[in-house]
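# Structure at a glance
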Number of protein chains: 2
Amino acid sequence: MNKGKERQIPPSVVRRLTRYLAILQELRSRRTPWVSSSDLADWLGLTSSTVRQDLTHVNFRGISRKGYDVEGLAATLAKTLGADTTWSVAVVGAGNLGRALALHEEFARRGFHIKGVFDSDPAKIGRRIGSFRVMDALTLPRFVHEKKIDIGIIAVPSQAAQQVADLLIAGRIRGLLNLTQTHIIAPKKVPIVATRIVSSLQELAHLIKRRHSL
Amino acid sequence: MNKGKERQIPPSVVRRLTRYLAILQELRSRRTPWVSSSDLADWLGLTSSTVRQDLTHVNFRGISRKGYDVEGLAATLAKTLGADTTWSVAVVGAGNLGRALALHEEFARRGFHIKGVFDSDPAKIGRRIGSFRVMDALTLPRFVHEKKIDIGIIAVPSQAAQQVADLLIAGRIRGLLNLTQTHIIAPKKVPIVATRIVSSLQELAHLIKRRHSL
């Protein structure tokens with residue numbers, strides 16, 4: 001495997017690879033054997049040269065005149081994206097968003113297994129969310145360390161985000177998904193991906209304004 | 001206002017502008033009058049030349065030796081991003097994620113006002129979520145048209161996403177936020193922004209693998 005090359009995949013390409021994988025998994029479940037770069041491009045609103053260029057970043061040889069081998073490309077992408085491994089996840093924040101995440105079945109199907117839900121609000125600690133009992137956020141460092149938790153999802157109010165991140169980092173978390181509006185500071189070895197629904201709405205508002213010259 | 005220039009802001013820059021705005025709003029609430037491009041860069045893990053380059057896309061003149069005028073830059077960014085207007089929103093999907101969104105207070109604070117929550121499941125229609133009563137998804141075209149809804153948030157299972165988008169489009173929705181894994185097809189005049197928490201987890205898994213050479 002060409003590890004050196006894989007290390008350098010730009011973030012924007014990685015983001016598109018996750019979308020190709022989602023489509024390939026759908027095609028696989030419909031037993032479609034082949035897919036062309038132009039089909040992938042059409043589905044995602046991209047050009048086929050972008051798709052072909054992106055796929056040069058993964059080591060895949062199953063290309064024929066019929067297109068890409070769906071099964072093989074899905075497996076290669078899954079490997080590149082770490083979707084062939086299972087990951088242990090802790091959700092911090094037992095508010096509405098945290099509850100939604102803890103009860104979201106898609107995570108486990110994609111290999112992200114939630115092992116615990118945490119909050120610092122005494123009124124929430126001890127409550128049930130599905131099969132989880134909400135634990136005290138102060139026990140995070142020990143829990144993360146002992147249970148070898150890979151990923152912490154931060155779904156707390158913005159002002160508590162850094163404090164929660166520090167607790168997860170103290171337990172040697174390997175990566176953070178930040179769902180708050182706040183920027184979180186972490187050591188270089190702990191990668192952070194931010195998903196902000198409010199920012200997405202602002203991005204959309206900008207596109208609507210532009211489209212309608214408001 | 002230089003509309004022509006504003007029209008061409010690349011999506012990746014727009015995404016960063018939403019993050020600058022979030023930080024500026026935080027600084028404003030702490031009454032910090034000035035901020036430098038290198039401070040903004042440090043907070044977001046960017047280079048200060050990226051920040052300066054990004055900010056050339058908005059028409060802002062409040063720059064001095066002390067840095068950018070926080071109040072003024074926040075106002076300019078809010079205008080560019082449509083965050084100075086209020087937007088009407090319909091949430092489709094009354095499952096865990098839809099519930100979380102409908103109860104999320106940050107939306108209204110940022111100018112996104114939820115006007116209705118919809119589902120197609122007879123068991124969910126009529127139920128209360130906060131101050132909302134879940135409405136039948138089939139009434140979406142009329143509701144969107146009559147209430148002049150700007151944005152539809154799609155928080156249904158993936159297989160229902162396109163059908164829901166079609167109902168929103170039939171009511172002349174202006175933009176869609178797609179929270180499902182599926183790619184949605186819409187007329188060119190209806191912009192779509194996709195936020196996929198599972199994709200973000202996959203992106204994070206890739207970064208962890210790369211960091212640890214797994």
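The text that follows walks through the structure, step by step, so that each part is easy to find. (Residues numbered from 1 in each chain as written. Chains lettered and ligands numbered in written order. Predicted model: local features only at pLDDT ≥ 70, side-chain atom pairs only at ≥ 80, totals over all residues. Heavy atoms only, no water.)

## What about the overall build of chain A?
When helices and strands are tallied, chain A shows 10 helices and 11 strands. Principal axes of the C-alpha set define a box for chain A whose edges measure 60 × 50 × 35 Å. Considering only intrachain contacts with a sequence separation of at least 6, the fraction spanning at least 24 residues in chain A is 55%. Per element, the accessible surface of chain A, about 10,200 Å² overall, is 50% carbon and sulfur. (Helix = DSSP H or I, 4+ residues; strand = E, 2+ residues; numbered from the N terminus. Contact = heavy atoms within 4.5 Å. Areas by Shrake-Rupley, 256 points an atom, 1.4 Å probe, with all protein chains shown as cover.)

## Concerning the pattern of salt bridges
The full count for this structure, using the stated rule, is 16 salt bridges over all chains. The salt bridge partner of Asp121 of chain A is Lys124 of chain A, with a shortest N-O separation of 4.0 Å. Among the residues examined, Asp121 of chain A registers a relative accessible area of 28% and is labelled partly exposed. We note a salt bridge from Arg174 of chain B to Asp150 of chain B, for which the minimum N-O separation is 2.8 Å. Taken as a pair, Arg174 of chain B in the loop between α9 (161-170) and β10 (175-178) and Asp150 of chain B in the loop between α8 (140-146) and β9 (151-154) lie far apart in primary sequence, 24 residues in all. The buried category is assigned to Asp150 of chain B, whose relative accessible area is 9%. (Salt bridge = Lys/Arg side-chain N within 4 Å of Asp/Glu carboxyl O. Buried < 20%, exposed > 50% of the residue type's maximum accessible area, 1.4 Å probe, protein only.)

## Structural notes on the nonpolar core
The tendency in soluble globular proteins is for nonpolar side chains to be buried side by side. Core analysis: the biggest nonpolar cluster contains 56 residues, and Ile153 of chain A together with Ile153 of chain B have the highest contact counts within it. Excluding residues that lie within four positions of it along the chain, Ile153 of chain B makes contacts with Leu201 of chain A together with Val89, Ala90, Val91, Val92, Leu101, Phe107, Leu177 and Leu179 of chain B. Counting residues in hydrophobic clusters, the runner-up holds 25 residues, among them Ile23, Leu40, Ala41 and Ala74 of chain A. (Core = buried A, V, L, I, M, F, W, Y, C linked by side-chain atoms within 4.5 Å.)

## Notes on the interface of chain B and chain A
Listed by partner, the interface residues are 66 residues for chain B and 66 residues for chain A. Our enumeration of links across chain B and chain A arrives at four salt bridges. Between Lys209 of chain B and Asp84 of chain A there is a salt bridge; the shortest N-O distance is 3.8 Å. No other element matches helix α10 (residues 197-211) of chain B, which puts 15 residues into the side of chain B that touches chain A. Per-class residue counts for the side of chain B that touches chain A are 30 nonpolar, 16 polar and 20 charged. (Nonpolar A, V, L, I, M, F, W, Y, C, P; charged D, E, K, R; others polar.)

## What about the relation of the copies chain B and chain A?
If you rotate chain B by 180° and push it 0.0 Å along the axis, it lands on chain A with an RMSD of 0.1 Å. Accordingly, the operation relating the two chain copies is best matched by a two-fold axis. Residues of chain B ranked by C-alpha distance from the rotation axis are headed by Ala100 of chain B, positioned 3.2 Å from it. (Least-squares fit on C-alpha atoms with pLDDT ≥ 70 in both.)

## Re the side chain of Lys209 of chain B
Structurally, Lys209 of chain B is set in helix α10. Here Lys209 of chain B falls in the buried class, since its relative accessible area comes to 11%. Engagement of the side chain of Lys209 of chain B in a polar contact is seen with the backbone oxygen of Lys79 of chain A, the distance being 2.6 Å. (Polar contact = N/O pair within 3.5 Å; in protein donor to acceptor, adjacent residues only side chain to side chain.)

## Re the sheet that holds strand β2 (residues 63-64) of chain B
All names here are of chain B. Strand order in the open sheet made by the three strands is β1-β3-β2, with antiparallel pairing throughout. The open sheet is flanked by β1 (34-35) and β2, the only strands paired with a single partner. Of the strand pairs in this sheet, β2 and strand β3 (residues 67-69) are connected by two bridges, and their pairing is antiparallel. Within β3, the residue paired with Ser64 across the bridge is Gly67. Contacts between helix α5 (residues 70-80) and the sheet are confined to β1 and β3, with β3 contributing the most and set at about 65° to the helix. (Pairing = 2+ DSSP bridges. Axes fitted to C-alpha atoms, helices over the stretch in contact; angles between N-to-C directions.)

## Topic: the packing of aromatic side chains
Residue and element names in this part refer to chain A. The tally for this structure, following the rule as stated, stands at four aromatic pairs over all chains. Ring centres 6.4 Å apart and planes at 35° place the aromatic pair Phe60 and Tyr68 in the tilted group. On the accessibility criterion, Phe60 (13% relative accessible area) is buried. The buried category is assigned to Tyr68, whose relative accessible area is 8%. (Phe/Tyr/Trp six-rings, centres within 6.5 Å; stacked < 30°, edge-to-face > 60°.)

## Topic: unusual backbone geometry
The backbone of Arg31 of chain A sits at a positive phi, close to 60°, despite the residue not being glycine. Examined against the element boundaries, Arg31 of chain A turns out to sit in the loop between α2 (11-29) and β1 (34-35). Notably, Lys148 of chain B is not glycine yet its phi reads approximately 50°, a positive angle.

## Considerations on the sheet that holds strand β11 (residues 192-194) of chain B
With respect to topology, six strands assemble into an open sheet ordered β8-β5-β4-β9-β10-β11 (chain B), the strand pairing being parallel. The open sheet has two edge strands with one neighbour each: β8 (135-136) and β11 of chain B. Bridge analysis of strand β5 (residues 112-119) of chain B against β8 of chain B gives two bridges, and the strand direction is parallel. Counted as the bridge partner of Phe118 of chain B is Met135 of chain B from β8 of chain B. Where helix α10 (residues 197-211) of chain A meets the sheet, its contacts fall on β4 (87-92), β5, β9, β10 and β11 of chain B, and the angle it forms with β10 of chain B comes to roughly 155°. Across the sheet, α9 of chain B touches β4, β9 and β10 of chain B, and the angle it forms with β9 of chain B is around 165°.

## So, the packing of α2 of chain A against α10 of chain B
When two helices pack together, their arrangement is given by the angle between the helix axes and the distance between those axes. Their axes nearest at 9 Å, the elements α2 of chain A and α10 of chain B cross at an angle of 125°. With respect to α10 of chain B, the element α2 of chain A is oriented oblique. Seen from above, α2 of chain A lies across α10 of chain B with right-handed handedness. In contact with Val14, Arg15, Thr18 and Leu21 of chain A of α2 of chain A, α10 of chain B contributes Ser199, Gln202, Glu203 and His206 of chain B. (Parallel < 35°, antiparallel > 145°, perpendicular 65-115°, else oblique. Left-handed = near helix turned anticlockwise from the far one by under 90°.)

## Some words on the side chain of Arg110 of chain A
With respect to the secondary-structure elements, Arg110 of chain A resides in the loop between α7 (105-109) and β5 (112-119). Arg110 of chain A sits in the buried class, given a relative accessible area of 16%.

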